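Here's the letter readout for the chains.
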Amino acid sequence: MNKVFARSAGLTETALSYCPGCTHGIVHRLVAECLEELSLREKTIGVAPVGCAVTAYKFFNCDMQQAAHGRAPAVATGIKRVLPDRTVFTYQGDGDLASIGMAEIVHAAARGEKITVIFINNAIYGMTGGQMAPTTLAGQITTTSPTGRDPEKVGHPIRVCELLSSLQGVAFLARVSTHDPKHVGLAKAAIKKAFQTQEAKQGFALVEVLSTCPTNWGLSPIESLKWLEDKMIPYYPLATFKQPEEVTAVGS
Amino acid sequence: MSERVMMKGNEALAEGAIRAGCRFFFGYPITPQNEIPEYMSRRMPQVEGTFLQAESEVSAINMVYGAGAAGARVMTSSSSPGISLKMEGLSYLAGSEIPCLIANIQRGGPGLGGLAPSQSDYFQATKGGGHGDYHAIVLAPNSVQEMADMPGLGFVLADRYRTQVIILSDAILGQMMEPLTLPEMGFPGPVEKPWATTGAAGRPKNIINSLGLLGEELYAINLRLQEKYGRISAAEVRWEEENTADADLVVVAYGTTSRIVKSAAALARAEGQRVGLFRPLTLWPFPSEALAGLAEAGKHFLVAEMSAGQMVEDVRLAVNGKTPVALFGKLNGIIPTVREIYAVIKENCAVAKDGAA
């Protein structure tokens, strides 16, 4: 009998710890497939965040470091400066990257650190139980915005890609989604480009992946995919904000 | 042929680190340690090393984390308020057991404090400082020569025990110039770090991590750390004694204060006072047994430090009530003079002599 589907060599045998319906698992798989297909697994050092993906060091089948909350881009900078011929990526959520780690991500991007950042935006703090994130939508109910996020009081959600797009050190910048198979395919293409950008030493690369959190959104997995499409994408438009000229030339 | 030069303490520390094989420096400007990053910024490129000015103290220490865990000989430096910012990183470095060097050129506190020298970060350096049960090895230089020599010792210890090493210095040692003999280039040599994350080519993956979500996991991490701290405490205590054999009074001091005490004690000796000097070179592990031995021999103690009294607690724990331990604690802002320490020595010598009689 032919094997038609197998675990990616980029993932370990460890069972993922994510909730049913959460799209972290899909994104892990995409990153792992890219590492495998680009033959990067044995030269890659990944950096796990604090948040739901804190145990990503158990799941990715490559050397891994676990960083303090928000500090993954600084940790990745240290690794990449020591090992410039290796591949270094961070995997961070929205609280980690866009709240407590905003300084680290902005400056790593500004320096044009040749690292790849996988940024999971699910508009909420997952691990700690559903608190308001910097990316929580206006009106969205969380455990710390129980009547809905009020931009008058706590400001508007942050669009990370748009924020970073003005920085010259950024070579590749894209926002993708995981709400249906077509978009999962596009997400994989973006993640692959983000690693290729690093391999070509073209600069900093970040892929923002719109993701779901059924548990803390209080929705079923299917409703969550719909909510992502209907509520998140209008505020967080899917786009490639920046890409290296060589990549553009190939694609055009 | 060893190289005799005249240098500022901060620059001597930087050159000492480079000669000890440090090739990665991540830091952030803060007075009175700016000469270290400035020196590194021009010196590192000459030895194919990397100097990077981070966006914050927090980022600098996390760059140290990443670089150290990738196997590099790496350091950062700062001064008191900046070291406070690094404390989260120090806790993670301890939990993940990453060898590295951190220099603290202490200034006055609390808060923004002042630029004058201080020894009020003793608790922070020796008791952990960040969250969790951990220690760093803490080295205390008292000359520009030792500012240049201690990075080498620090990297040896850091690699031997997979631990962070702090050089606890101060604004005077950082800013003053003295003649010194520079250490030889290339000591200590590189060591194998099979645990480092360098890409899992042809071997199982390596993980650098301080998380132990399951109770037993965290317990095992802490058992391992405490076992290591026990080995360090047994093997790496360093101190210096001067004239303690016949002394009625032993003055315990480290760093800049030990230099002032040395002059004050010389004045007292010249007058026939039986005073000795005890200088810890490692503040953690602390030379408790040596001090306990002196207490056993009936000697009284005077602790002199530029703080409200921090090291004195460790001296009292070591002496354990056997003999009196007095404190001369000069509060941050003003540097103690030889004359005032001389006066306190004289006063305490009189008490000690009475006690001995």
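Residues numbered from 1 in each chain as written. Chains lettered and ligands numbered in written order. Predicted model: local features only at pLDDT ≥ 70, side-chain atom pairs only at ≥ 80, totals over all residues.

Asks: Please explain the sheet that holds strand E2 (residues 63–66) of chain A as it appears in this structure.
Replies: Backbone hydrogen bonds are what pair the strands of a sheet, in a parallel or an antiparallel way. Ordered by their spatial adjacency, eight strands build an open sheet running E7(A)-E5(A)-E6(A)-E4(A)-E3(A)-E1(A)-E2(A)-E10(B), and the pairing between neighbours is mixed. Two strands lie at the open edges of the sheet, namely strand E7 (239–242) of chain A together with strand E10 (207–208) of chain B, each paired on one side alone. Lying over the sheet, helix H8 (residues 181–199) of chain A contacts strand E3 (87–93), strand E4 (116–121), strand E5 (170–177) and strand E6 (204–210) of chain A, oriented at roughly 165° with respect to E5(A). (Pairing = 2+ DSSP bridges. Helix = DSSP H or I, 4+ residues; strand = E, 2+ residues; numbered from the N terminus. Contact = placed C-beta atoms within 7 Å. Axes fitted to C-alpha atoms, helices over the stretch in contact; angles between N-to-C directions.)

Asks: How should unusual backbone geometry be read in this particular structure?
Replies: If a residue is not glycine, its phi is most likely negative; likewise, a peptide bond is most likely trans. Omega for the bond connecting Gly109(B) with Pro110(B) falls within 30 degrees of zero, at 0°, which places this linkage in the cis form. Look at the link from Trp284(B) to Pro285(B): it is a cis peptide, with omega at 0°. Relative to the assigned elements, Pro285(B) resides in the loop between strand E14 (282–284) and helix H11 (288–296). Of note, Ser39(A) is a non-glycine position whose phi angle comes to about 55°, a positive value. Examined against the element boundaries, Ser39(A) turns out to sit in the loop between helix H1 (24–37) and strand E1 (44–48).

Asks: Please clarify how the nonpolar core should be interpreted in this entry.
Replies: Proteins that are soluble and globular tend to have nonpolar side chains buried together. Core analysis: the biggest nonpolar cluster contains 185 residues, and Ile118(A), Leu101(B), Val251(B) and Ile345(B) have the highest contact counts within it. Here this core spans two domains, and each of domain 1 (3–194 + 208–235) and domain 2 (239–356) of chain B adds at least three residues to it. Dropping the residues within four chain positions of it, Val251(B) is found in contact with Val261(B), Ala265(B), Val275(B), Leu277(B), Leu302(B), Ala304(B) and Ile345(B). (Core = buried A, V, L, I, M, F, W, Y, C linked by C-beta atoms within 7 Å. Buried ≥ 20, exposed ≤ 12 C-beta atoms within 10 Å, placed from the backbone. Domains from an automatic or database assignment.)

Asks: Hey, could you run me through the environment of Asn34(B) in this one?
Replies: Residues and elements named next belong to chain B. By the secondary structure assignment, Asn-34 is in the loop between strand E2 (24–27) and helix H2 (35–43). Assessed through the 17 C-beta atoms surrounding it within 10 Å, Asn-34 is described here as partly exposed. Counting along the chain gives 116 residues from Asn-34 to Met-150, while the straight-line C-alpha distance between them is 19 Å.

Asks: I'm lost on the domain arrangement of chain B in this one. Help?
Replies: All names here are of chain B. Taken as a whole, chain B is organised into domain 1 (3–194 + 208–235) and domain 2 (239–356). Between the C-alpha centres of domain 1 and domain 2 the distance comes to 27 Å. Counting from both sides, the interface comprises 28 residues of domain 1 and, opposite them, 21 residues of domain 2. Across the side of domain 1 that touches domain 2, the residue classes tally to 15 nonpolar, twelve polar and one charged. (Nonpolar A, V, L, I, M, F, W, Y, C, P; charged D, E, K, R; others polar.)

Asks: What should I look at first to understand the interface of chain A and chain B in this one?
Replies: Where interface size is given, it is often the accessible area lost as the parts come together that is meant. Listed as interface residues are 28 residues of chain A and, on the opposing side, 34 residues of chain B. Element by element, the count of residues in the side of chain A that touches chain B is highest for helix H3 (residues 72–82) of chain A, at eight residues. Among the residues forming the side of chain A that touches chain B, the class breakdown is 14 nonpolar, seven polar and seven charged. Two strands pair when backbone bridges link them, and E2(A) and E10(B) are joined in this way by two bridges, in the parallel orientation. Bridging across to E10(B), Gln65(A) finds its partner in Ile208(B).

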